[in-house]
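Breakdown of the fold
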Amino acid sequence: MEEKKEVKNTQADSGNTKKKKKRSAVSFMIEFFIKIGVTALVVWLLCLFVVGVYVVHSNSSYPMIKDGDLCLTYKFARLNSGDEIAYVRDGRIKFGRIVGMPGDTVDMVGNNLAVNGYGVFEDAVYPTTAEGASITLPYTVPQDTYFVLNDYRDDIADSRTYGGIPKADTKGKLVLLLRRRGF
């Protein structure tokens, strides 16, 4: 009886073992290119819907962001006052710092910035003035817009010229900066 069990087990084992086919170079190449394609698709979808990758072509946010820097933005970040953001204006990507949220009143007296009647302490190297502004100050930031200033405050191509920057024109909060030229 034991012999019959052994015979059955050996027959069962031989039925479970399959001969492995050798894979050809073509099958390895097909698998490799499928993996490359899936990876490229995932990266493309991330860049389209989640992050933005930009090369800066101005010094409007100097000294934080310099011409030639590579910037990565996160599109779903909750934006707050003081955040550096990317936005579209006149068909170009620009970078600036949010100083006024919707409903805030922004004013500039002398070289001082005030939001809702309180002076704002900033790490900005350059003084903030309203000289050359196209808007009337004090300015109340409309709903669904942000008041954005360049870090290089002598460049007034920001909310002092355009008014509030619509939320729809923002491309996300700056989360990573790679210095490509100099230090």
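Scope of this entry: the structure provided in the associated data block.

To continue, consider the environment of Pro 63. By the element assignment, Pro 63 lies in the loop between strand S1 (51-55) and strand S2 (70-74). You can call Pro 63 partly exposed: its relative accessible area is 34%. Residues Pro 63 and Val 125, spaced 62 residues apart in sequence, show a C-alpha to C-alpha distance of 8.0 Å. In contact with Pro 63, not counting residues within four places along its chain, are Val 125, Tyr 126 and Arg 179.

Now for the environment of Arg 179. With respect to the helices and strands, Arg 179 occurs in the segment after strand S11 (170-178). Sequence-wise, Arg 179 and Lys 66 are 113 residues apart; in three dimensions their C-alpha atoms are separated by 7.8 Å. Once residues within four sequence positions are removed from consideration, Arg 179 is found in contact with Pro 63, Met 64, Ile 65, Lys 66 and Asp 69. A polar contact is formed between the side chain of Arg 179 and the backbone oxygen of Met 64, at a distance of 3.3 Å.

Moving on, we come to the sheet that holds strand S4 (residues 92-100). Here we have 7 strands laid out as an open sheet, ordered S1-S2-S11-S3-S4-S9-S10, and antiparallel in their pairing. Of all strands in the sheet, those with a lone pairing partner are S1 and strand S10 (165-166), marking the two edges. Bridge count between strand S3 (residues 84-89) and S11: 3 bridges; the pairing is antiparallel. Bridging across to S11, Tyr 87 finds its partner in Thr 170.

A few words on the sheet that holds strand S5 (residues 105-109). With antiparallel pairing, the 4 strands of this open sheet are ordered in space as S7-S6-S5-S8. Either end of the sheet is taken by a strand with one partner, and the two such strands are strand S7 (118-119) and strand S8 (139-140).

Moving on, we come to the pairing of strand S9 (residues 145-149). Burial runs high along S9: 5 of the 5 residues are buried. Burial along S9 is two-sided: Thr 145, Phe 147 and Leu 149 facing one way and Tyr 146 and Val 148 facing the other are all buried. Strand direction decides the pairing type here: S4 and S9, joined by 3 bridges, are antiparallel. If you follow Arg 97 over to S9, its bridge partner there is Leu 149. Across 2 bridges, the pairing between S9 and S10 is antiparallel. Within S10, the position partnered with Tyr 146 by the bridge is Ile 165.

What follows concerns the nonpolar core. By size, the foremost hydrophobic cluster in this structure holds 10 residues: Val 99, Val 106, Met 108, Leu 113, Val 115, Ile 135, Tyr 139, Val 141, Phe 147 and Leu 149. Elements with a contribution of two residues or more to this core: S5, strand S6 (112-115) and S9. Ile 85, Met 101, Tyr 146 and Ile 165 belong to the second-largest nonpolar core, a separate cluster that totals 8 residues.

Another aspect to go through is the packing of aromatic side chains. Going through the model one piece at a time under the given rule, you end up with 5 aromatic pairs. Centroid distance Tyr 74 to Phe 76: 6.2 Å. Interplanar angle 75°. Geometry classified as edge-to-face. Tyr 74 sits in the partly exposed class, given a relative accessible area of 35%. Judged by its relative accessible area of 56%, Phe 76 is exposed. The positively charged end of Arg 89 is found above the aromatic ring belonging to Tyr 162, 4.8 Å away from the centroid.

Reading the values: rules and limits
- Here, residues in each chain are numbered from 1, in the same order as that chain's written sequence.
- Two thresholds apply to this predicted model, a pLDDT of at least 70 for residue-level local features and 80 or more for giving and counting side-chain atom pairs, whereas whole-chain, interface and lining totals are computed over all residues.
- In computing side-chain values, all of the structure's heavy atoms are included and hydrogens and water are not.
- Elements are defined by DSSP. Helices are runs of H or I of four residues or more, strands are runs of E of two residues or more, and each kind is numbered from the N terminus.
- Only protein chains enter the accessibility calculation, which uses a 1.4 Å probe. A residue is then buried if its area is under 20% of the maximum for its type, exposed if over 50%, and partly exposed in between.
- Note on contacts: a residue pair qualifies if any of its non-hydrogen atoms lie within 4.5 Å across the two residues.
- Definition of a polar contact: a pair of N or O atoms within 3.5 Å, with one able to donate and the other able to accept a hydrogen when the atoms are protein atoms, and with sequence-neighbouring residues admitted only if both atoms are side-chain atoms.
- In this analysis, strands are considered paired if DSSP registers two or more bridges between them.
- Note on terminology: a nonpolar core comprises buried Ala, Val, Leu, Ile, Met, Phe, Trp, Tyr and Cys residues joined through side-chain atoms within 4.5 Å.
- The pairing test for Phe, Tyr and Trp rings, Trp by its six-membered ring, is centres within 6.5 Å, and the orientation test on the planes gives stacked under 30 degrees, edge-to-face over 60, and tilted for anything in between.
- A ring has a charge above it when a Lys NZ or an Arg CZ is no more than 6 Å from the ring centre and no more than 35 degrees off the ring normal.

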